[in-house]
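Examination of the molecular architecture
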Amino acid sequence: MAHERTLTELHDVSRRLLTAESPQSISDTVAAAAREILDIDVVGVYRFDRVENVLRPECVPDQARELIGEPPTFGPGDGIAWKVFVTGESRIYDDVSRAEAAFNPATPIRSELLIPIGSHGVLICGSTVPGAYDERTAELADILAANAEAAYERMERTRRLRDREAELRAQNRRLEQLDDVNERVRQVTHDLVDATTREEIERVVCDGLAAVEDYDLVWVGERDPIEADVTVRHVAGPRRGYLDSVSFTDGDGAPLEPTARAAQRREPVVVDSVADELRAGTWQGKALSRDYCSVASVPLLHGGIPYGTLTAYASRTGAFDAETRSVLADLGETVAQAIATVEQRRALLSDEQVELVFGLEDLPTVLFELAGSLRGAVEIERVLPESESGSLVYGRADETTDKDFRAACTATGGISDAQVITNGGDGLQFEVRIEGPCVIEPVADHGGTFTRLRLADGRGQLAATFPQSAAVTEFIKAYTDRYPGTELLARREVGVPETGQQVQPLLSDLTDRQREALEVAYEHGFFGWPRETTSEEIAASMNIAGPTFLEHLRRAEGKVVRHVLEGWDRSASPD
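Residues numbered from 1 in each chain as written. Predicted model: local features only at pLDDT ≥ 70, side-chain atom pairs only at ≥ 80, totals over all residues. Heavy atoms only, no water.

With respect to the nonpolar core
Counting residues in each nonpolar core, the largest one holds 77 residues, and the members touching the most others are Tyr215, Leu310, Leu356, Ile380, Phe405, Ile440 and Leu453. Sequence-distant contacts of Ile380, that is, excluding residues within four places in its chain, are made with Leu367, Val393, Tyr394, Gly395, Phe430, Ile440, Phe450, Arg452 and Leu453. Ranked by size, the runner-up nonpolar core spans 30 residues in total, among them Leu17, Ala20, Ala31 and Ala145. (Core = buried A, V, L, I, M, F, W, Y, C linked by side-chain atoms within 4.5 Å. Buried < 20%, exposed > 50% of the residue type's maximum accessible area, 1.4 Å probe, protein only. Contact = heavy atoms within 4.5 Å.)

Structural notes on unusual backbone geometry
With a phi angle near 55°, Glu399 is a residue other than glycine that sits in the positive phi range. Checked against the element boundaries, Glu399 lands in the loop between β13 (390-397) and α12 (402-411). Judged by relative accessible area, Glu399 falls into the exposed class, the value being 54%. A positive phi angle is found at Asp457, which is not glycine, with a value near 55°. Note that Asp457 resides in the loop between β16 (449-456) and β17 (459-466). (Helix = DSSP H or I, 4+ residues; strand = E, 2+ residues; numbered from the N terminus.)

A closer look at the packing of helix α2 (residues 23-36) against helix α5 (residues 135-192)
Between α2 and α5, the shortest axis-to-axis distance is 10 Å and the interhelical angle comes to 170°. In terms of orientation, α2 and α5 fall into the roughly antiparallel class. Between α2, through Pro23, Ile26, Ser27, Val30, Ala33 and Ala34, and α5, the contact on the second element is made entirely by Leu144, Ala148, Ala151, Tyr152 and Met155. By residue class, the composition of the contact of α2 with α5 is 10 nonpolar, one polar and no charged. (Axes fitted to C-alpha atoms, helices over the stretch in contact; angles between N-to-C directions. Parallel < 35°, antiparallel > 145°, perpendicular 65-115°, else oblique. Nonpolar A, V, L, I, M, F, W, Y, C, P; charged D, E, K, R; others polar.)

Some details on helix α6 (residues 198-210)
Taking 1.5 Å of rise per residue, 13 residues should cover 18 Å, and α6 covers 18 Å from first to last C-alpha, within 8% of that figure. Regarding α6, the residues found buried are Arg198, Ile201, Glu202, Val204, Val205, Cys206, Gly208 and Leu209. (Expected span 1.5 Å × (residues − 1).)

Have a look at this one:
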């Protein structure tokens, strides 16, 4: 009768196990049944951790902990429990302390019964009395373990089914969003055909993508190659103050905002979960506070020339899967090509110039060597070729003294002469004569005009303008071939300054020496009052006699004044 009653109670336990809501509740029920129904003194239910490949104690009652202390975790080869688990064979020991594979020979446990729970774990039963368990107890414990295995299997199947259903829902949502993105992109591509300006192209692409369900903010930005900042060109969707609150320039060692990264690397940047990077920088918290959970930014590149970045922020984590990223990358190329086309068309119909900005990297030239010897940045403002092998260079150096500047010039090979013109609030104004090639020379050789060169920390940025008639593409190739590692940062159409249109005819009649005399005199403050330098000092810097300098200067002044007076409408009222 006692055996039948035990079987009935175990059957009731099996029904309770089938309604358990978690693996922990299954383990708790099994441990309680072993104590209360099978009269086991010490019980432990160990679950297999598939990730760590160990057996972990999931339920060890306080009575057992008081006797054995903190229950151990069993790994491969650790004790009898691991062998029972991997072989699937039960073990009974009258005195486990004498067993060869005992995990702890000093254990107070004598009798031990170990039953595998399928691939889920092991049921360990112990007693301080030797020979406490017989075959009947082992049979009943095996029934309890089999019921536990069935309960674990049911829960595992339920979990897999829920996971599968969740995966299918997520997959359906991704497909729906991908269809939405594809449809919007198709419409954008269609509308781009009719766009006639860059502004219209940017509006079409931003407005089109902002219509995607999860995309809260879409914008096109353009990176300033000189300042390294990103300016907003067009935005669609509520800004919520985000673009005004973040920095696109200084990451303080932390990852830059995705738009800045995409512009800098010239490759797509995707952040699947902004929350995962919350402590990595400052932009993440600002984005998350505005419900931007994931971000994708793609560069707008055509023919190696950057035209900005296209960035989208989504209110859902993982909104930009592999297929969506590919679609957005292709869209970026299409938009860049459309911008290039309208820019070229506009250039043909206007008097605008082409501005090129190059990034230079530690070139083996005189100016880079000089800048590397100074603490602050160096700005080159004017270069006057003197001969086939030398140039007169004017510029400004920040954070340096006259002494340090002269020492740097002395230590720099290729500088034959150096002068400090002024040293005040605007920095140290200088003149140096360099021998050998200059990074600026190829600009004039290809019909361009040098506008600025900034050198700092072994890097430089060179800007130059070219007339529409110039072979700009050929110059880009020639320049990057001549200086390996040089990168084209920007190409854009810019208007010809009104002053440039007025001044160019004035200078067209000057000889090279006359123009040089005029420019050198201007740089040295010769036309100021009182004069900052003498004609003899200027002549010395040009390596010519004083009278020769004055002759060139007077002839240049005469030609410029004649152009001004002959073009002056005397009937016009002065402003």
